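Residue-level structural notes
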Amino acid sequence: MTQIPPRYKKFEFGTVYGDGGHVLASTPKEKKYYTPDEVEAIRQQAYTQGELSAMARAQAAQAQAVQALAEAAGQGLEALNAVLMSHKTECVELALVCAQKIAAQALELFPEAPVKAALEALAEEISGAPRLIITASSPDANLQKAAREAAALTGFQGAIQFREGGGRHVGAFEIQWPEGRAAYDPERITEALRAALKEVLMAEMAHSQNAAHAPLAREA
């Protein structure tokens, strides 16, 4: 049978004295007996430590719960913002389509209206010009008459030359004079308006996403 070797404990001096009887080092003795007051103090200390530990665990659990709620709220806001942006985009696209249809119908009924409005707006620029060149998809007699009347109202006394521009949309035109040029294309305006509205929606979406993540950043 194998014998277990004995375990030896290092001998420790309780008190070490130096020259003259001065205490150089001492080992505190383990207290084996406590008075009732000491027992009560130890109990109160242990109770207080337990309360603090329980409070710390409760606060940690509360913080985790708040963080979980904040994350859930953030995800919900992101989903809601995505739905709202989708509806706004659809509404904007629908409004653009309706506006395009209305504008096309108006141009069919009054094809000379854009040219008249442009000449009125260009009154100062063209009043002293010697000539104008107006290019349109279909410069018929009605458009030519309306353009001459509108130009005369601005004080223009020069000559007006009309040209037919192939491939131009209905209502599109170009006005040229020696010092400048003005053009109008309803299709390009619609596309520019669509791009501008898209940028606004994207900026609003980015702002909404930043607002949704803001509570999470403050919690962190």
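As a starting point, this report considers the structure included with it. (Residues numbered from 1 in each chain as written. Predicted model: local features only at pLDDT ≥ 70, side-chain atom pairs only at ≥ 80, totals over all residues. Heavy atoms only, no water.)

**Here's the deal with the pairing of strand 5 (residues 173–177)**
For a regular strand, the rule is simple: side chains alternate between the two faces of the sheet. So the rule is basically this: Accessibility here uses a 1.4 Å probe with only protein chains present; expressed as a share of the type maximum, an area under 20% marks a residue as buried, one over 50% as exposed, and anything in between as partly exposed. Secondary structure counts use DSSP, requiring at least four H or I residues in a row for a helix and at least two E residues in a row for a strand, with both numbered from the N terminus. Paired strands are those between which DSSP finds at least two bridges.
Where burial is concerned, most of strand 5 is hidden: 4 out of the 5 residues are buried. Across 4 bridges, strand 3 (residues 131–136) lies against strand 5 in antiparallel orientation. Of the residues in strand 5, the one forming a bridge with Ile 133 is Gln 176. For strand 5 and strand 6 (residues 180–184), the ladder comprises 5 bridges, and the chain directions are antiparallel. Paired with Ile 175 across the bridge in strand 6 is Ala 182. The antiparallel hairpin formed by strand 5 and strand 6 contains 2 residues in its connecting segment.

**Structural notes on the packing of helix 2 (residues 113–121) against helix 4 (residues 141–153)**
Using the following cut-off: Axis angles are defined between N-to-C directions and span 0 to 180 degrees, where every axis is a line fitted to C-alpha atoms and, for a helix, only to the segment in contact. Any angle from 65 to 115 degrees is called roughly perpendicular, while one under 35 is roughly parallel, one over 145 is roughly antiparallel, and all others are oblique. By the definition used in this description, the sense in which the near helix is turned from the far one sets the handedness, with an anticlockwise turn below a right angle giving left-handed and a clockwise turn giving right-handed. Two residues form a contact once any of their heavy atoms are found within 4.5 Å. Residues are grouped as follows: nonpolar covers Ala, Val, Leu, Ile, Met, Phe, Trp, Tyr, Cys and Pro; charged covers Asp, Glu, Lys and Arg; every other residue, Gly included, is treated as polar.
Helix 4 packs onto helix 2 with a crossing angle of 15° between their chain directions and a minimal axis gap of 9 Å. As summarised for this structure, helix 2 and helix 4 are arranged roughly parallel, according to the angle between their axes. Viewed along their axes, helix 2 and helix 4 form a crossing whose handedness is right-handed. Residues Val 115, Lys 116 and Leu 119 of helix 2 touch helix 4, and the partners they reach there are Leu 143, Ala 146, Ala 147, Ala 150 and Ala 151. Taken together, the residues of the contact of helix 2 with helix 4 sort by class into 7 nonpolar, no polar and 1 charged.

**A short note on a nonpolar patch on the surface**
Using the following cut-off: To count toward a patch, a residue needs a relative accessible area over 30% and no salt bridge; like charges are then connected within 9 Å, while nonpolar side chains (Val, Leu, Ile, Met, Phe, Trp, Tyr) are connected within 5 Å. For the area figures, the Shrake-Rupley method with a 1.4 Å probe applies, and any residue is considered shielded solely by the protein chains shown. Counted as salt bridges are all cases of a side-chain nitrogen of Lys or Arg within 4 Å of a carboxyl oxygen of Asp or Glu.
On the surface, a nonpolar cluster with roughly 250 Å² of combined accessible area is contributed by Leu 77, Leu 80 and Leu 84. For Leu 77, the position within the fold is in helix 1 (residues 36–109). We classify Leu 77 as partly exposed; its relative accessible area is 38%.

**Points about the sheet that holds strand 3**
Strand order in this open sheet of 4 strands is 4-3-5-6, and the pairing throughout is mixed. Of all strands in the sheet, those bounded by a partner on one side alone are strand 4 (159–164) and strand 6. Across the sheet, the mean angle separating the axes of adjacent strands is 15° when strand polarity is ignored. Across the sheet, helix 2 is in contact with strand 3, strand 5 and strand 6; its angle to strand 5 comes to roughly 30°. Across the face of the sheet, helix 4 comes into contact with strand 3 and strand 4 while running at roughly 150° to strand 4.

**Considerations on the environment of Ala 121**
Within the secondary structure, Ala 121 is located in helix 2. Ala 121 sits in the exposed class, given a relative accessible area of 61%. For the pair Ala 121 and Thr 154, spaced 33 residues apart in sequence, the C-alpha separation works out to 9.0 Å.

In short, shape yes, function no, at least from these values alone.
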